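Chain by chain, the residues run as shown.
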Amino acid sequence: MTAPATDRVEETRLTDALSERYLAYALSTIMSRSLPDVRDGLKPVHRRLIYAMQQLRLDPTSGFKKCARVVGDVIGKYHPHGDVAVYEAMVRLAQDFAVRYPLVEGQGNFGNIDGDNPAAMRYTEARLTEIATTLLAGLGDDAVDFRPTYDGEEQEPVVLPAGFPNLLANGAAGIAVGMATSIPPHNAGEVLTAAIHLVQHPEASTADLLAYVPGPDFPTGGILVEDRANIVTAYETGRGGFRLRARWAVEQGRFGTWFIVVSEIPYQVQKSRLIEQIAELMEQKKLLLLGDIRDESTETVRLVLEPKTRTTDPAMLMETLFRATQLETRFPLNMNVLGADRTPRVMSLKEVLRAWLDHRHEVLARVSRHRLAAIERRVEILNGFLTVYLNLDEVIRIIREEEDAKAGLIAVFTLTDTQAEAVLNMRLRSLRRLEEIELKREHKELTAEGRALQSLLKSDDLRWQRIITELEAARKKFGGGVLGARRTDITGAPTPMALEAAAAASVEREPITIVLSDKGWVRALRGHITDTETLKFKEGDKLRLTLPCETTDRITLFATNGKAFSLNAADFPRGRGDGQPIKLMVDLTNEDDFIAIFIWRPGQTYLVASATGRGFVVGSDDLIAEKRTGKQVLNLRAGEEAKLCIPAAGDHIAVLGDNRKLLIFALADLPVLGRGTGVTLQKYKDGGLADAKIFNRADGLTWRSGERTRTEPDISPWLGERAAVGKLPPNGFPRSNRFSG
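Rules of the game
Residues numbered from 1 in each chain as written. Predicted model: local features only at pLDDT ≥ 70, side-chain atom pairs only at ≥ 80, totals over all residues. Heavy atoms only, no water. 1 Å grid on protein atoms, 1.4 Å probe; cavity = no way out; pocket = protein on both sides within 12 Å on 5 of 7 lines; lining within 4 Å. Points joined across faces, edges and corners; volume = space filled by probe spheres on them. Nonpolar A, V, L, I, M, F, W, Y, C, P; charged D, E, K, R; others polar. Core = buried A, V, L, I, M, F, W, Y, C linked by side-chain atoms within 4.5 Å. Buried < 20%, exposed > 50% of the residue type's maximum accessible area, 1.4 Å probe, protein only. Helix = DSSP H or I, 4+ residues; strand = E, 2+ residues; numbered from the N terminus. Contact = heavy atoms within 4.5 Å. Pairing = 2+ DSSP bridges. Axes fitted to C-alpha atoms, helices over the stretch in contact; angles between N-to-C directions. Parallel < 35°, antiparallel > 145°, perpendicular 65-115°, else oblique. Left-handed = near helix turned anticlockwise from the far one by under 90°.

As a further point, take empty space enclosed by the protein. Here the structure, examined in full by the defined rule, presents two cavities of 30 Å³ or more. Size it by volume and the largest cavity reaches roughly 50 Å³. Every residue lining the largest cavity is listed: Val38, Arg39, Pro165, Asn166, Leu167, Leu168, Val191, Val352, Leu353 and Trp356. In the lining of the largest cavity, the residues fall into eight nonpolar, one polar and one charged. Here the second largest cavity defines a volume of roughly 40 Å³. Ser517, Trp521, Arg523, Lys536, Phe537, Lys538, Asp541 and Asp578 are the residues that line the second largest cavity.

On to the nonpolar core. Leu49, Ile50, Met90, Leu357 and Leu471 are the most contacted members of the largest nonpolar core, which has 106 residues in total. With 17 residues, helix H12 (residues 349-390) is the single largest residue contributor to this core. Setting aside residues no more than four positions away along its own chain, Leu357 makes contact with Ala195, Leu198, Val199, Trp464, Ile467 and Leu471.

Phi is positive for Asp142, close to 60°, though the residue is something other than glycine. With respect to the secondary-structure elements, Asp142 resides in the loop between helix H5 (130-136) and strand S4 (146-148). Owing to a relative accessible area of 38%, Asp142 belongs among the partly exposed residues under this scheme. The backbone of Asn737 shows a phi angle near 60°, a positive value even though the residue is not glycine.

With that settled, the discussion passes to the sheet that holds strand S27 (residues 631-632). Strand order in the open sheet formed by four strands is S24-S21-S22-S27, and the pairing between neighbours is antiparallel. Across the chains shown, the open sheet's two edge strands, defined by having one partner strand only, are strand S24 (594-599) and S27. Pairing analysis gives five bridges linking strand S21 (residues 554-559) to S24, with the strands arranged antiparallel. Bridge pairing links Ala559 to Phe594 in S24.

Before going further, it helps to spend a moment on the packing of helix H3 (residues 67-78) against helix H4 (residues 83-94). Look at H3 against H4: their axes get within 10 Å of each other, and the N-to-C directions meet at 120°. It follows from the interaxial angle that H3 and H4 lie oblique. The chirality of how H3 crosses H4 is right-handed. Facing H3, whose interface residues are Cys67, Val70, Val71, Val74 and Ile75, H4 presents Asp83, Val86, Tyr87 and Met90. When the residues that make up the contact of H3 with H4 are grouped by side-chain class, the tally is eight nonpolar, no polar and one charged.

So, in structure tokens, the structure goes:
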């Protein structure tokens, strides 16, 4: 007897089982949770919320209903997830500071820009907005496909008809498995204008469309400070980012005083957290130009910033705040969406608009076919009615005398089954003469409408012309007024040097000495230390180097992984302790270490080289790294490390290998690069680069041997071509194979 299926055990490799289950989870997250559909711009939870509210008849002209009722319907019929998550999604659709064009109109406490939580759903009420009804328009006219809900008892739309460009207008954000999406909100009027242009000029490029959609339009306003070329590249590739700053203005006070008023803050920044951040930096004395901050906000944002002195430059003060606080943020662009075939991919601006327009074209065709079928059914019935009106006495006789009245009507008047059934269901009051006139008028109108729909379905040009008319109507409705006006101004990128000057101005200038231990602990001591013997370190640790500098200096660090890192001298830990590991200040692995630390100066050049003897000259501007992760300067091969980073001040370079061979050649033979693998400095059979020195030929080659410094004025025996082998160094050269002894 065969055992029941539940009693069988199938052996499967763990890796196969995990792969299969994780793939199923990943697909579920991508398709049913995190990524929006390019056609209506909605995730499943938002689509189900709006559809459930329509089923509850919560249109803009109706009364409000408790949010708890809506959430209950959503999780009970369509979305089997937690009520808290569904309510949070609903709240966000109603927040005018979170959504550029709200889809839900809320009544009650729905939270605020300070980050305060909304009231519980048993207290708040909601209904749909006009924009939400535009997304739903045509849903009952077979505009889109429906599918069974999770329990099979209800039907839900696969996608909404979307008469409004919701994806671009409201944006989207989500993190799936192995992919994410981040789309900023845009101005609906501009998007609709670009869509009309794309219909009229299908060959238009993304750059052409950006003449109508210059960039994002955030609900909280602000100023977009991004280079035009970067914006074009971002929209063409679907990936990029935008720098957003707060809007501010100077207001004059009494007796020559002034203060700055911030009226708009960047998108998705909590105002209360922003104020806390600024207050913390003031307490840490990192905003020396700022005297005080006050929050005078009501329903509108009003942050008052007072300078320490009236002589402070307002622009300089704001630059320090932009650099250190969330008054300037970066909003990422990653237009990763689900296409009409339910396949996730990154689209350009043109592809997103094209996908939405194609969806509207399909919706128009489906709605037209649905309406035409309804007209044909009604015209058929009207033809039956008009036939009856010409022979009322005979119809009455058949109904009174015939046993099967329907069959009699069909036989005598050549009616269809549908027409006969409609005649039999006709009310007596419909037999008035006036009713016959009304039927003829309706028949004429429906016949004309049917012919127009047939022409529309046969002509692709007519359908696109109808879509243009719909787009223009939507632009007129949603592109003007207070809601449609652009809120975010777009300017060019700020001058980098102005930012550097502002950063320096925010720090009190004083001399310090950066102390780095052998095990990588760093600290900054006041003044320029000359006696290093008094410095104390942890047990087993010792001094590696000291770097005299000033708090306004910028420090460059070069690591064995070929990356350059930038730190402000004022950011190094102060005090009498042991400091902190320098690797906590930058993102550097335990396998890597620093090979050079120096003060950054503009206009200087440096030689960077790997341990295998490849290198090039790099300018100081290319060593600036804005992120903790650093900037890759020297590209390394597997198992390779960077060996040195030294100033390139001179006209010749002396290269010394582990094989104790010395080669000298002109510095001009090395390329000047911003990043690269470099060229071969010296050829080695075994070993690699030991040391290098850049010097002026007229001064001779100098090295240190013990306590003495020696100079070789005649370097001609070691002169050669780059990548040569070289010769043994002069007599008396240190056995350490280093120019520093």
